[in-house]
Amino acid sequence: NDITRDILHTKLFQYLACERPLVATRLPGTDPFLSGEDQGVVYSSLEEFVGELSALLNQPERRALLGQSARRAMLSRYDWKRIAQELINWMREVH
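Residues numbered from 1 in each chain as written. Predicted model: local features only at pLDDT ≥ 70, side-chain atom pairs only at ≥ 80, totals over all residues. Heavy atoms only, no water.

Trainee: Is there a simple way to explain the pattern of salt bridges in this structure?
Mentor: Pairs may arise between side chains of opposite charge once their charged atoms sit close together. Enumeration over the complete set of coordinates arrives at two salt bridges. E37 is the salt-bridge partner of R62, the closest N and O atoms lying 2.7 Å from each other. Taken together, the residues span a long stretch of sequence, with R62 in helix α3 (residues 60–77) and E37 in the loop between β1 (22–24) and β2 (41–43) at a distance of 25 residues. R62 gets classed as partly exposed once you look at its relative accessible area, which sits at 22%. Taking relative accessible area as the criterion, E37 reaches 42% and is therefore assigned partly exposed. A salt bridge links R82 to E86, with the shortest nitrogen-to-oxygen separation between them at 2.8 Å. Placement of the pair is R82 and E86 together in helix α4 (residues 80–94), with a separation of four residues, close to one helical turn. Taking the relative accessible area as the measure of exposure, R82 reaches 37% and is therefore partly exposed. (Salt bridge = Lys/Arg side-chain N within 4 Å of Asp/Glu carboxyl O. Helix = DSSP H or I, 4+ residues; strand = E, 2+ residues; numbered from the N terminus. Buried < 20%, exposed > 50% of the residue type's maximum accessible area, 1.4 Å probe, protein only.)

Pasting the structure below:
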């Protein structure tokens, strides 16, 4: 629906931080933040969702690699300390 399609849920980042691969449908709210398998995310259509999930259940090595990619992406791009420092720097610039 028009409301949920643009939401970026924090739980997505929590899953990725815990080294869990994420299977999701591509939505406008997630596109700017989660680019795909290099960040531990497998995008699929609703119709493909069950197939992708089933494939991951049968591929522990791929799950592990996706989880590791997810954790690396979280630490390099979305660590709260890093984000807070960026906000502080930005506020100093505009002040």
